[in-house]
Amino acid sequence: MTRGAVDVDALVRWGAKAGPLVVEAGQGWRLLTANVLHRDVLHLALNLLVLAASGGVLERTCRRSEYAALLCVSGLATMSGSLAWSGAVSVGASGLVYGCIGALLVLGRRHRLERASKLRWFSGESALPTVLVFLWMGWTSVGVDNAGHLGGLVAGLLTGLFLEPRDAPTRSSRAKPLLGVGVAVVVAALVVWERSGWRVERDDGFGVSVAMPQGWRGELDGQGRRTFSNGLSGLGRATFSAEAIETGESGDGLSQARHFLEESLPLGAPGPEGRAVEVQGPSTTRVGGRVAQRLRAELEGPGGPRQLLALFVPRGEWVYRLVFTWPAQWPAYQDVVGRMVAELRFDEPSVLREARGRALLTPGAPGPQRELGGVLRRLGQPREAILPLTESVRLAPSHVGTRVELARALLDAGRVEEGCHAADEAGLYGPSDTGALEAGVRCELSRGALARALERLEAARRVDPQDPRLRAAEAALRGVMEASKRE
């Protein structure tokens, strides 16, 4: 038995109204079960006290089938109103109470007090102001589901138009209760359908667009990532995060996947995403028309078992790391994540659009052409980068950096001899420039001349012995050469 207030995860597990689980996981039954759950004993006692008074009068006045229909209609209207207003977790029978009072208000006014003395208080002049005061108190308080209360009250007022006392001269049709419940179910279904829409979230900086449920919202991450979630804090929480990792070289999705596996998914040990109990991958897949690496994992954490899908998509000198997590106990989220992945698109990032605009505005200036070519090459479009870089070299032939960029673009595009020629010319204009020396190293590597590449790399290291990139490149190249000798 739980003592004291019940935590949110327990309420969600037992059937609380959690908007994301209703509209995304198809758990519409929560619109009914949430009405019988309560946060604590005081919450339950207050609702039972008022419900016993108002509901008892209704049960003695009307047929029990109509009273049961009123409770069902009020419960659906309460949680549908709450769902339409907010996706937060909500529980309680307050909406049933408001539904009963609303029905009594109308019923008592329709059947005069001489014949309905039992309804006197609920239909008197002081009743409506009292209800309005309670609504106002809820509206000005924190943590009160005012939309649910209002939904229950409106449902009660409307239902009261069709209720008849047991001793009425004309007997009401027994089909009315079923009709009322049917209308409430249709309205609830319409609310769920309206809340079940999807939207496309675009990030111009990353150049990524992804479809996601409309209820998902961005969250502060503090680590340079774009993060979204379904709004739940524990059990039932689903998330999506995107991060662009700059590598300085042509992006390698496999190495980034292995790094993530080591840093974030150590098998059996606590990690940032939880304790990984099973990991699958990395394996090759396609995302948004691009070759990518995929990792799947099962996690254990405070919110229960979770599933994780991580995608690593190379794009030039960047690797996009896209991570999805969702609750394992609700498999419907597998379809939600599957749709998000299927509709991922890689658009033109803002930095490329801005570079194109500057190049078009000043066609005779070498700087904008050089910037456009550099951005294209770094985004993995070396063939498109060659033209603006060639134009920039023509306009400013002595600029060593432009010649280095052109050499790299040609080599990345597979035009090895042209790239080596451009690297040699960069070396002529900047014999001590580490970028030009590095371009020569890339030339020899493209030709497969490892020994010659090492000589050029050593020459570059002598010019700038503190350059960490050159030092790392030399160590990697020596390792490759030693491995080839052993083979």
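Preceding this section is the structure that the text describes.
Residues numbered from 1 in each chain as written. Predicted model: local features only at pLDDT ≥ 70, side-chain atom pairs only at ≥ 80, totals over all residues. Heavy atoms only, no water.

K.L.:
How would you sum up the overall build of the chain? Please name residues and give values.
P.N.:
Looking only at helices and strands, the chain has 20 helices and eleven strands in total. Of all intrachain contacts in the chain linking residues separated by at least 6 positions in sequence, the fraction that spans at least 24 positions is 59%. (Helix = DSSP H or I, 4+ residues; strand = E, 2+ residues; numbered from the N terminus. Contact = heavy atoms within 4.5 Å.)

K.L.:
Outline the pairing of strand β4 (residues 226-229), listing residues and values.
P.N.:
Bridge analysis of strand β3 (residues 217-219) against β4 gives three bridges, and the strand direction is antiparallel. Paired with Gly 218 across the strands is Phe 228, a residue of β4. Bridging between β4 and strand β5 (residues 239-246) involves four bridges; their strand directions are antiparallel. If you follow Thr 227 over to β5, its bridge partner there is Ser 241. (Pairing = 2+ DSSP bridges.)

K.L.:
Break down helix α14 (residues 366-378) for me, with residues and values.
P.N.:
Over its 13 residues, α14 runs 18 Å from end to end, which matches the ideal 18 Å to within 8%, given 1.5 Å per residue. Listed in full, the buried residues belonging to α14 are Pro 368, Gln 369, Leu 372, Gly 373, Gly 374, Val 375, Leu 376 and Arg 377. Buried positions along α14 lie against α13 (350-361), α15 (382-395) and α16 (400-412). (Expected span 1.5 Å × (residues − 1). Buried < 20%, exposed > 50% of the residue type's maximum accessible area, 1.4 Å probe, protein only.)

K.L.:
For the pattern of salt bridges, give the residues involved together with the corresponding values.
P.N.:
Under the criterion given, the structure shown has 21 salt bridges. Across the pair Arg 356 and Glu 348 runs a salt bridge whose closest N-O atoms are separated by 3.1 Å. Take Glu 348: its relative accessible area is 31%, and that puts it in the partly exposed class. Of the charged contacts, one joins Arg 377 and Glu 405 as a salt bridge, the two residues approaching to 2.7 Å between their closest N and O atoms. Linking Arg 377 in helix α14 with Glu 405 in helix α16, this pair joins segments that are 28 residues apart in sequence. (Salt bridge = Lys/Arg side-chain N within 4 Å of Asp/Glu carboxyl O.)

K.L.:
Outline the packing of aromatic side chains, supporting the account with residue identities and numerical values.
P.N.:
Any aromatic ring pair is given by two values, namely how distant the centres are and how the planes are angled relative to each other. Within the structure shown, the criterion is met by five aromatic pairs. Seen in terms of ring centroids, Phe 228 and Phe 240 are 6.3 Å apart; in terms of plane orientation they differ by 15 degrees. Their pairing is stacked. Highlighted residues: Phe 228 in strand β4 and Phe 240 in strand β5, separated in sequence by twelve residues. Across the pair, Phe 240 and Phe 228 agree in class, each one buried. Taken together through their ring pairs, the aromatic side chains of Phe 206, Tyr 320 and Phe 346 make up a single cluster. The ring centre of Phe 346 lies 5.7 Å from the NZ or CZ of Arg 290, which sits over that ring. Taking NZ or CZ as reference, Arg 339 lies 4.0 Å from the ring centre of Trp 198, over its face. (Phe/Tyr/Trp six-rings, centres within 6.5 Å; stacked < 30°, edge-to-face > 60°. Lys NZ or Arg CZ within 6 Å of the ring centre and 35° of its normal.)

K.L.:
How would you sum up empty space enclosed by the protein? Please name residues and give values.
P.N.:
Overall, the coordinates contain two cavities of 30 Å³ or more when judged by the stated rule. Here the largest cavity defines a volume of roughly 90 Å³. Lining the largest cavity are Glu 201, Arg 202, Asp 203, Phe 206, Val 208, Ser 209, Val 210, Arg 226, Phe 228, Phe 240 and Ala 242. Broken down by secondary-structure element, the contributors of at least two residues to the lining of the largest cavity are β1 (198-203), β2 (208-213), β4 and β5. Grouping the amino acids of the lining of the largest cavity by side-chain chemistry returns six nonpolar, one polar and four charged. (1 Å grid on protein atoms, 1.4 Å probe; cavity = no way out; pocket = protein on both sides within 12 Å on 5 of 7 lines; lining within 4 Å. Points joined across faces, edges and corners; volume = space filled by probe spheres on them. Nonpolar A, V, L, I, M, F, W, Y, C, P; charged D, E, K, R; others polar.)

K.L.:
Lay out the environment of Trp 193 with the relevant residues and their values.
P.N.:
By the element assignment, Trp 193 lies in helix α10 (residues 175-195). Since its relative accessible area comes to 66%, Trp 193 is described here as exposed. Taking the C-alpha atoms as reference, Trp 193 lies 7.5 Å from Val 23; in sequence the two are 170 residues apart.

K.L.:
Go over the sheet that holds β2 with me, naming the residues and quoting the values.
P.N.:
Across the sheet, three strands lie side by side as β1-β2-β11; this open sheet has antiparallel pairing. What marks the edges here is a single partner per strand, and that holds for β1 and β11 (345-346). When β2 meets β11, the two strands line up antiparallel, connected through two bridges. Within β11, the residue paired with Ser 209 across the bridge is Arg 345. Along the sheet face, helix α12 (residues 332-342) touches β1, β2 and β11 and points at about 155 degrees away from the line of β2. (Axes fitted to C-alpha atoms, helices over the stretch in contact; angles between N-to-C directions.)

K.L.:
Kindly report on the packing of helix α18 (residues 434-447) against helix α19 (residues 450-463), identifying the contributing residues and their values.
P.N.:
At a closest axis distance of 8 Å, the pairing of α18 and α19 adopts a crossing angle of 170 degrees. In terms of axis orientation, α18 runs roughly antiparallel to α19. Where α18 abuts α19, its residues Thr 434, Leu 437, Gly 440, Val 441, Glu 444 and Leu 445 lie against Leu 450, Arg 452, Ala 453, Arg 456, Leu 457, Ala 459, Ala 460 and Val 463. A breakdown of the residues in the contact of α18 with α19 according to their chemical character gives nine nonpolar, two polar and three charged. (Parallel < 35°, antiparallel > 145°, perpendicular 65-115°, else oblique.)

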